[in-house]
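One letter stands for each residue in the lines below.
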Amino acid sequence: MNDLETREDIELLVNKFYQKIQTDNKIGLFFNDIGKVDWSKHLPKMYDFWESILFGQMTYKGNPMRVHFPINEVKAIDKEHFEHWIKLWSETVEENFSGKNADLAIYKANNIANLMAYKMEMARKL
């Protein structure tokens, strides 16, 4: 298995991951029912996001936290939801890639999920 090395690799990973998300019983509702995600717009943003995170390309412009707060107000995005997101992400990475960048993708996703879970919880307490 190859490592994550190119934009095309990121696109493959992100596409396979969000295919799982769209049909997932535990967190799919945040994307499909509450967020009503337009996948034609969301996926290119996620390609840019992960290209920036993994390759330092700085192609992503935006604030991922800001998008999640309104969803969190409708239905709480709890730590268990982020843990499930990480499980699906890690599985998808490991099914398709192996190497330093694949490991980094899992590590960075864990950090992002932990930070977001904390911020979502804090926002609900305000």
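Residues numbered from 1 in each chain as written. Predicted model: local features only at pLDDT ≥ 70, side-chain atom pairs only at ≥ 80, totals over all residues. Heavy atoms only, no water.

Identification of the chain as Sec-independent protein translocase TatC from Elizabethkingia occulta is taken from an unreviewed UniProt entry.

Observations concerning the overall build of the chain
Just so we agree on the cut-off: Going along the chain from the N terminus, every DSSP run of H or I of four or more residues is numbered as a helix, and every run of E of two or more is numbered as a strand. Each radius of gyration reported is based on C-alpha atoms, and the globular scaling rule is 2.2 Å times the count of residues to the power 0.38. Only protein chains enter the accessibility calculation, which uses a 1.4 Å probe; a residue is then buried when its area is under 20% of its type maximum, exposed when over 50%, and partly exposed in between. Throughout, a residue-residue contact means that at least one pair of heavy atoms, one from each residue, lies within 4.5 Å. What sets the accessible areas is the Shrake-Rupley method with a 1.4 Å probe; for residues, cover comes only from the shown protein chains. His is not counted here, nor are the chain ends, while Lys and Arg score as positive and Asp and Glu score as negative. Note that the charge is assigned to NZ on lysines, CZ on arginines, CG on aspartates and CD on glutamates.
The secondary structure content of the chain amounts to six helices and zero strands. In the chain, the succession of α and β elements from N to C terminus is α-α-α-α-α-α. Scaling as 2.2 N^0.38, a compact globule of 126 residues should have a C-alpha radius of gyration of about 14 Å, and the chain matches this with 14 Å. Looking at the 126 residues of the chain, the share that counts as buried comes to 40%. In the chain, the share of contacts with a sequence separation of at least 24, taken over all contacts with a separation of at least 6, comes to 76%. By element, 52% of the accessible surface of the chain is carried by carbon and sulfur atoms, the whole surface being about 7400 Å². Measuring between centres, the 17 positive side-chain charges of the chain sit 7 Å from its 19 negative side-chain charges.

Describing the environment of Tyr47
You can see Tyr47 is positioned in helix α3 (residues 39–55). Given a relative accessible area of 10%, Tyr47 falls into the buried group. Taking the C-alpha atoms as reference, Tyr47 lies 8.8 Å from Thr59; in sequence the two are twelve residues apart. Those residues within four positions of Tyr47 in sequence are excluded, and the remaining contacts are Arg7, Ile10, Glu11, Val14 and Asn15.

Some thoughts on the nonpolar core
Note the threshold: For the purposes of this section, nonpolar cores are sets of buried Ala, Val, Leu, Ile, Met, Phe, Trp, Tyr and Cys residues that join through side-chain atoms within 4.5 Å.
If you look at the biggest cluster of nonpolar residues, it comprises 37 residues, and the most contacted ones within it are Val14, Tyr18, Ile21, Trp50, Trp85 and Trp89. Elements that contribute at least two residues to this core include exactly α1 (7–22), α2 (28–34), α3, α4 (64–74), α5 (79–96) and α6 (100–125). Top element by residues in this core is α6. It accounts for nine residues. When neighbours within four sequence positions are excluded, Trp85 is seen to be in contact with Phe17, Ile21, Ile27, Trp50, Ala109 and Ala113.

Here we look at α4
Spelled out, the test is: Note that the arc is computed from the directions linking the helix axis to the C-beta atoms.
For α4, the complete set of buried residues consists of Met65, Ile71 and Asn72. Mapping the buried residues of α4 onto a view down its axis gives an arc of 125°, with all of them on the same face. Pointing more than 90 degrees away from the buried face of α4 are the exposed residues Arg66, Val67, Glu73 and Val74. At its buried positions, α4 is contacted by α2 and α6.

Some words on the packing of α3 against α6
To be explicit about the condition: Axis geometry follows a simple rule: fit a line to the C-alpha atoms, using only the stretch in contact for helices, then measure angles between N-to-C directions, giving values from 0 to 180 degrees. Convention used here: angles under 35 degrees read as roughly parallel, angles over 145 as roughly antiparallel, angles from 65 to 115 as roughly perpendicular, and any remaining angle as oblique. By the definition used in this description, the sense in which the near helix is turned from the far one sets the handedness, with an anticlockwise turn below a right angle giving left-handed and a clockwise turn giving right-handed. Under the scheme applied here, ten amino acids are nonpolar (Ala, Val, Leu, Ile, Met, Phe, Trp, Tyr, Cys and Pro), four are charged (Asp, Glu, Lys and Arg), and all others, including Gly, are polar.
The interhelical angle for the contact between α3 and α6, taken along N-to-C directions, is 110°, at an axis separation of 10 Å. The orientation of α3 relative to α6 falls into the category roughly perpendicular. The chirality of how α3 crosses α6 is right-handed. Across the interface between the two elements, Phe49, Trp50, Ile53, Leu54 and Phe55 of α3 pack against Asn101, Leu104, Ala105, Lys108, Ala109 and Ile112 of α6. Residues belonging to the contact of α3 with α6 are distributed by class as follows: nine nonpolar, one polar and one charged.

Regarding the UniProt feature "binding site: heme" (unreviewed entry) in the chain
The condition is simple: UniProt positions are given in the numbering used here, feature names are shortened, and annotations may be inferred rather than shown by experiment.
According to UniProt, the feature "binding site: heme" (unreviewed entry) maps to His68 in the numbering used here. For His68, the position within the fold is in helix α4. Those residues within four positions of His68 in sequence are excluded, and the remaining contacts are Ile77, Met116 and Met120.

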